[in-house]
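Residue-level listing of the chains:
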Amino acid sequence: MGNGMASNLLKAGYKLTVWNRSVEKCEPFARKGARVADTPADAVRDVDLIMYSLGNDQAVEEVVFGSKGILSGIKEGQIAMEMSTVLPATSLREQEAYAKRGVDFLDAPVFGSKQESADAKLWIMAAGNKAIFEKVKPVLAKLGQTVNYFGKNGNATSMKLVGNLIVALELEALAEGLVLAQKAGLDLNTVMEVVKVADFRSPLLVSNGQNILKRDFSTSFALKLMLKDAGLIEKFGESLQSPIPALRVVEKNLASAVDLGFATENASALIKALEKEAGVEVKAPRK
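Residues numbered from 1 in each chain as written. Predicted model: local features only at pLDDT ≥ 70, side-chain atom pairs only at ≥ 80, totals over all residues. Heavy atoms only, no water.

## Notes on the overall build of the protein
- Along the protein, the regular secondary structure elements total 13 helices and 8 strands.
- In terms of overall dimensions, the protein has C-alpha extents of about 65 × 45 × 35 Å along its principal axes.
- The 287 residues of the protein split such that 48% are buried.
- Relative to all contacts within the protein whose residues are 6 or more apart in sequence, the contacts with residues 24 or more apart total 67%.
- By element, 53% of the accessible surface of the protein is carried by carbon and sulfur atoms, the whole surface being about 14400 Å².
- Side-chain charges of the protein comprise 36 positive and 34 negative groups, with the mean position of each set lying 4 Å from the other. (Helix = DSSP H or I, 4+ residues; strand = E, 2+ residues; numbered from the N terminus. Buried < 20%, exposed > 50% of the residue type's maximum accessible area, 1.4 Å probe, protein only. Contact = heavy atoms within 4.5 Å. Areas by Shrake-Rupley, 256 points an atom, 1.4 Å probe, with all protein chains shown as cover. Lys, Arg positive; Asp, Glu negative; His and termini not counted. Charge placed at Lys NZ, Arg CZ, Asp CG, Glu CD.)

Below, the structure is given as structure tokens:
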């Protein structure tokens with residue numbers, strides 16, 4: 001995700017400093033004129049806006065709060081923006097720590113995959129001080145096709161988990177439906193023609209369904225990350241005493257698919273756990 005964002009910021013003419021735990025991932029940006037930082041603390045030196053997209057809450061703990069983390073190098077007057085999928089409580093903890101240093105903070109997670117990131121077609125949400133949001137909105141507009149403001153800090157992170165809950169349930173519904181269609185002997189190409197036009201259609205169902213029929217599980221959003229997000233959603237739901245019974249079914253199938261060895265495949269590979277249980281492989285005959 002960060003690769004696409006960084007590339008589009010460079011294309012837009014912004015001066016960029018980059019940092020990654022895997023130094024080699026910074027090399028393409030260095031060749032395009034970006035400064036490569038040695039540490040997160042070094043990365044925030046002499047910049048106006050700090051943006052980071054990390055894999056989980058633990059990575060945020062290390063990169064933001066660690067000994068050479070962002071907080072050890074940030075200065076009053078700068079703006080920090082968290083674009084990861086984390087718990088709202090994590091975003092609020094960051095906001096509090098930044099405020100003590102005179103730094104404005106936005107939580108600004110995104111919907112979309114690597115392709116949307118590369119194409120500057122992400123769907124971006126942001127929460128925090130409205131004036132700061134308006135100030136950075138032109139930057140976000142270079143990364144996404146929509147930018148929505150959600151009010152106080154933590155709200156955008158909350159919306160990200162709400163959205164990922166819907167995504168997880170859609171993928172589970174697609175997987176169960178395709179396995180059932182296979183078991184019923186239906187023509188799967190015709191099944192997908194209906195999925196494309198019926199009132200339950202969605203771009204997510206169509207794209208993932210077509211790829212499943214081609215047995216294409218190349219990673220757009222990794223299965224292991226969806227399992228991680230399911231855990232976050234479960235914690236979030238429990239903290240609000242909001243029922244999420246269907247998520248627990250999805251979480252079980254995600255964990256089963258990870259145990260079967262598909263962790264780094266696309267999240268749609270959760271169907272493989274259901275296929276194993278059903279004794280079928282969902283694959284459309286060639287036309």
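## Observations concerning the packing of aromatic side chains
- Tallying each qualifying case throughout the model produces 2 aromatic pairs.
- Between Tyr98 and Phe105, the ring centres sit 5.4 Å apart and the planes meet at 20°, which makes this aromatic pair stacked. Of the two residues, Tyr98 and Phe105, neither departs from the other in class, the shared state being buried.
- It is Arg93 that lies over the ring of Phe65; its NZ or CZ is 3.9 Å from the centre.
- Here Lys272 stacks its cationic end above the ring of Phe262, 4.3 Å away from the centre of that ring. (Phe/Tyr/Trp six-rings, centres within 6.5 Å; stacked < 30°, edge-to-face > 60°. Lys NZ or Arg CZ within 6 Å of the ring centre and 35° of its normal.)

## Points about the nonpolar core
- Among the nonpolar cores identified, the biggest contains 38 residues, and Leu178, Leu188, Ile212, Leu213, Leu254, Ile271 and Val282 are the most heavily contacted of them.
- At the level of elements, α8 (155–183), α9 (188–197), α10 (203–213), α11 (223–239), α12 (245–262) and α13 (271–278) are the ones that each hand at least two residues to this core.
- Counting residues per element, this core draws most heavily on α8, which supplies 8 residues.
- Contacts of Leu213, omitting those with residues within four sequence positions, involve Leu178, Leu188, Asn189, Met192, Val282, Lys283 and Ala284. (Core = buried A, V, L, I, M, F, W, Y, C linked by side-chain atoms within 4.5 Å.)

## Comments concerning the pattern of salt bridges
- Evaluated as defined, the whole model comprises 13 salt bridges.
- Note that Asp229 is salt-bridged to Lys228, the shortest N-O span being 2.7 Å.
- When its relative accessible area of 3% is taken as the criterion, Asp229 is described as buried.
- Taking relative accessible area as the criterion, Lys228 reaches 22% and is therefore assigned partly exposed.
- Through salt bridges with shared partners, one network takes in Arg35, Asp42, Arg45 and Asp46. (Salt bridge = Lys/Arg side-chain N within 4 Å of Asp/Glu carboxyl O.)

## Brief notes about the pairing of strand β4 (residues 79–82)
- With burial as the criterion, each face of β4 is covered, one bearing Ile79 and Met81 and the other bearing Ala80 and Glu82.
- Of the pairings in the sheet, the one linking strand β3 (residues 49–52) to β4 comprises 4 bridges and is parallel in character. Pairing of Met51 across the sheet is with Met81, part of β4.
- Handedness of the β3-helix α4 (residues 57–65)-β4 crossover: right-handed.
- Sheet topology places β4 next to strand β5 (residues 104–107); 4 bridges connect them, and they run parallel. Bridge assignment links Glu82 to a residue of β5, and that residue is Asp107.
- One crossover worth recording links β4 to the parallel β5 by way of helix α5 (residues 88–99), and it is right-handed. (Pairing = 2+ DSSP bridges. Right-handed = clockwise from strand over helix to strand, strands pointing away.)

## Concerning the sheet that holds strand β7 (residues 122–126)
- With mixed pairing, the 3 strands of this open sheet are ordered in space as β6-β7-β8. With partners counted over all chains shown, the strands left at the sheet margins are β6 (110–111) and β8 (144–149), one partner each.
- Bridge analysis of β6 against β7 gives 2 bridges, and the strand direction is antiparallel. Within the sheet, the bridge partner assigned to Phe111 lies in β7 and is Trp123.
- Relative to β8, helix α7 (residues 130–141) is tilted by about 175°, and along the sheet it contacts β7 and β8. (Axes fitted to C-alpha atoms, helices over the stretch in contact; angles between N-to-C directions.)

## Details of the side chain of Asn164
- Note that Asn164 resides in helix α8.
- Overall, Asn164 belongs to the buried group, its relative accessible area being 7%.
- In terms of polar contacts, Asn164 uses its side chain to reach the side chain of Asp229, at 2.8 Å. (Polar contact = N/O pair within 3.5 Å; in protein donor to acceptor, adjacent residues only side chain to side chain.)

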